[in-house]
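Fold and contact review
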Amino acid sequence: MCGIIGFTGYLDVKNVLLEGLEALEYRGYDSAGIAFFEQDGIKTIKTTGKVTNLCDKVEGTSINSTCGIGHTRWAKHGGVSYTNSHPHTFGNVTLIHNGIIENYHELETALAHQGKYPVSQTDTEIAAMLIDSLYDGDAIETIKKAIKQLEGAYAFCILFADQPDVIYCLRNGSPLVACKSKEGSVIASDMVALIKYSKEYFVLPELHIAKLTKDNIVVSNLEGAIIKPQMLFVKWDMTAARKGGYAHFMLKEIHEQPSSLRSTIMPRIRNGSLPDLTADGIPNEIFHGINRVLITACGTAMHAGLVGRVLLEKLLRIPVTVEIASEFRYQDPIMDESTLVITISQSGETADTLAALRLSNEKHAKTLSIVNVKGSSIARESNYVLYTHAGPEIAVASTKAYTAQLSCIYLLALQFALAKNAITEPECASFVSQLQSVTTAVENTLSLEKAIDEISSHLKETEDLFFIGRGLDYALSCEGSIKLKEISYIHSEAYAAGELKHGTLSLITEGVPVIALATQTNVYSKMISNIREVRARGAMVILVTNGEIAVDSSIYDYHIALPELDDLFAPFTTAVVLQLLAYYTTIHRGYNVDQPRNLAKSVTVE
Ligand code: M6R
């Protein structure tokens, strides 16, 4: 959601900013702009639409600068327009901003009393006006004063007209990461824009101010003390953030799953047979005294939680609930130190999930997060972190992060079950061996790609469809449905198959596609009855089974047989089929797979 890049150093800033914005495109945006120092002051170039539009605009100008800031805006306050796009300038101040200034209206009213009025409809311009009104030549003191008045989540990069080649940055809630290299100092809203310069970086701590000059980055806290931020290191490089020969990031990321699963699972297996999370700082002691698990997350990450619930309850026999983070945070939930709260997030910055985590911390629950982005807010604020080693996920539709989240939940559930003596070591070893075999099964599922492409072509003209399943297959139906609708723009719903008769069946008419997941033996015959119900009403059925099961061919139009796994592990292979189905349906419909309309990769505002 909105992208930030700032650079000061020894390179042509135009190239650094435009490349940085291109790398950040995946986050979702509808306008883009840059501002940079030139001999005669700060210049701004911005445009609505894509970064390529900005590149075209920049091409026609001669820029001679080595310091500037760039932004991709995802409209929140004020529509998509040239005036509302960032950077915003007021007086001495030019800035870019991610997040929302919640008290912008009060600030705007106060500024109006000083005879100052914005030209845009954005909260960002109000922040520029506020900072300019406080500016007395001392940037850091001015920013400190501004922080006292600003409410909401924000990340800012600020240029002061009388301080050439210096960038000031601060954040509260919204992420900012920075690095130093021999070429200069760089700051960005996420690592994909920094990786070109360094694999070593730091997360700007909240409510701290970073001053970037060509050769240095100085971070100070609000008391004025200079602090040394903790340096982090990413294992992946530029190639991981490129398409690498695939038509889209989503397809590349789908294909990366055998490897991301291996990287996530293998280092956590001791002697080839038992889970071991001690290297992650998760000792068995944390499970002692836990009598309830609460999982909270958003979107696909929450769907990973739905699988987690089935698994944890089965293995532990303690109650597990899954809560949508945006609901949970306002529900005054009941929890205490005997509750383990698991938050799941790819980005580690999702505002609602972060708020749910903070609430859980306040209520003294034990908090553990499953996160992909190292050093992200959710990771830092949780008592314990289990990182998914999925590498950067660029496509808005989450794929490899989801299956990596599942694998972490499985590892966690097994470790927890062992710690509670809910399973024996031999039982656990058998689960672990099945978990390890999931990577090969996922590889084999990918070989169904051509067949899934062909099946998807029959969904090209569809406007509504349904996913149905029971138990784990219901959790996967939810995931299949979100994947399909977010990128193909087909309206779809996930239904617990047993619920069909309680409403949805009225929507099943001739030709309506129903994707029926039937991978779970204990409810298999029930599922087949449900499929017959929709079939009798003319549904076009795409059936997914765990292994080559002989089914009456009159009940389906298309049958996808997954490589056979124990039922409990079928979510991994089912997920891959549903991802490919969403991908190819979108391709057949001709939409932008990686950057669906209105959506952002990382949702850092409520
Ligand atoms: O970064 P997070 O995992 O916290 O993101 C949560 C959701 O926004 C995300 O999973 C979203 O639903 C995906 N676009 C779905 O593919």
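Parameters and conventions
Residues numbered from 1 in each chain as written. Predicted model: local features only at pLDDT ≥ 70, side-chain atom pairs only at ≥ 80, totals over all residues. Heavy atoms only, no water. Helix = DSSP H or I, 4+ residues; strand = E, 2+ residues; numbered from the N terminus. Buried < 20%, exposed > 50% of the residue type's maximum accessible area, 1.4 Å probe, protein only. Contact = heavy atoms within 4.5 Å. Lys, Arg positive; Asp, Glu negative; His and termini not counted. Charge placed at Lys NZ, Arg CZ, Asp CG, Glu CD. Near = heavy atom within 4 Å. Polar contact = N/O pair within 3.5 Å; in protein donor to acceptor, adjacent residues only side chain to side chain. Areas by Shrake-Rupley, 256 points an atom, 1.4 Å probe, with all protein chains shown as cover. Nonpolar A, V, L, I, M, F, W, Y, C, P; charged D, E, K, R; others polar. Pairing = 2+ DSSP bridges. Axes fitted to C-alpha atoms, helices over the stretch in contact; angles between N-to-C directions. Domains from an automatic or database assignment. Buried area = accessible area lost by both parts, 1.4 Å probe. Salt bridge = Lys/Arg side-chain N within 4 Å of Asp/Glu carboxyl O.

Further remarks concern the overall build of the protein chain. The helix and strand tally for the protein chain stands at 17 helices and 27 strands. C-alpha extents for the protein chain along the principal axes are approximately 75 × 55 × 45 Å. The buried share of the protein chain, taken over its 606 residues, is 61%. Taking the contacts inside the protein chain whose residues are at least 6 apart along the sequence as the reference set, 72% of them involve residues at least 24 apart. Of the charged side chains in the protein chain, 52 are positive and 68 negative; the average position of the first set lies 2 Å away from that of the second.

The environment of the ligand is formed by 14 residues, the closest being Ser345, Gln346, Ser347, Thr350 and Glu486. Glutamine 346 places a main-chain nitrogen or oxygen 2.6 Å from an oxygen atom of the ligand. Between an oxygen atom of the ligand and a side-chain N or O atom of glutamate 486, the distance comes to 2.4 Å. Computed on the free molecule, the ligand has an accessible area of 410 Å², of which 92% lies beneath the protein chains in the complex. Those elements that place two or more of their residues in the shell around the ligand are helix H8 (299-316) and helix H15 (472-488). Its residues assigned to classes, the shell around the ligand shows 5 nonpolar, 7 polar and 2 charged.

Glancing now at the sheet that holds strand S19 (residues 320-324). Taken in spatial order, the 5 strands line up as S19-S18-S20-S21-S22 in an open sheet, and their pairing is parallel. Two strands close off the open sheet at either side, each with one partner strand: S19 and strand S22 (384-387). On average, adjacent strands in this sheet sit at an angle of 20 degrees to one another, irrespective of strand direction. Judged from the 6 bridges that link them, strand S20 (residues 339-345) and strand S21 (residues 366-371) form a sheet pairing that is parallel.

Of the pairings in the sheet, the one linking strand S2 (residues 31-38) to strand S3 (residues 41-48) comprises 8 bridges and is antiparallel in character. Directly across from alanine 32, in S3, lies its bridge partner threonine 47. In textbook terms, the turn of a hairpin is the stretch between consecutive antiparallel strands, and for S2 and S3 this stretch comprises 2 residues.

Right, let's get into the environment of threonine 94. Residue placement: threonine 94 occurs in strand S6 (residues 93-101). Here the alpha-carbon distance between threonine 94 and isoleucine 69, two residues 25 residues apart in the chain, equals 9.2 Å. In this structure threonine 94 touches Ala35, Ile42, Thr44, Ile69, Pro87, His88, Thr89, Cys157, Ile158 and Leu159, once residues within four positions along its chain are discounted. Among the polar contacts listed, one links the side chain of threonine 94 to the side chain of threonine 89, at a separation of 2.9 Å.

With that settled, the discussion passes to the domain arrangement of the protein chain. For the protein chain, the assigned domains read domain 1 (3-236), domain 2 (248-445) and domain 3 (449-589). One C-alpha centre belongs to domain 1, the other to domain 2; they are set 34 Å apart. Contact with domain 1, which involves 11 residues of that partner, is made by 12 residues of domain 2. For the pairing of domain 1 and domain 2, the buried interface totals around 930 Å² over both sides, and the portion due to carbon and sulfur atoms is 57%. At the boundary of domain 1 and domain 2, one finds 1 salt bridge. For glutamate 206, the salt bridge goes to arginine 358, with nearest N and O atoms at 3.3 Å.

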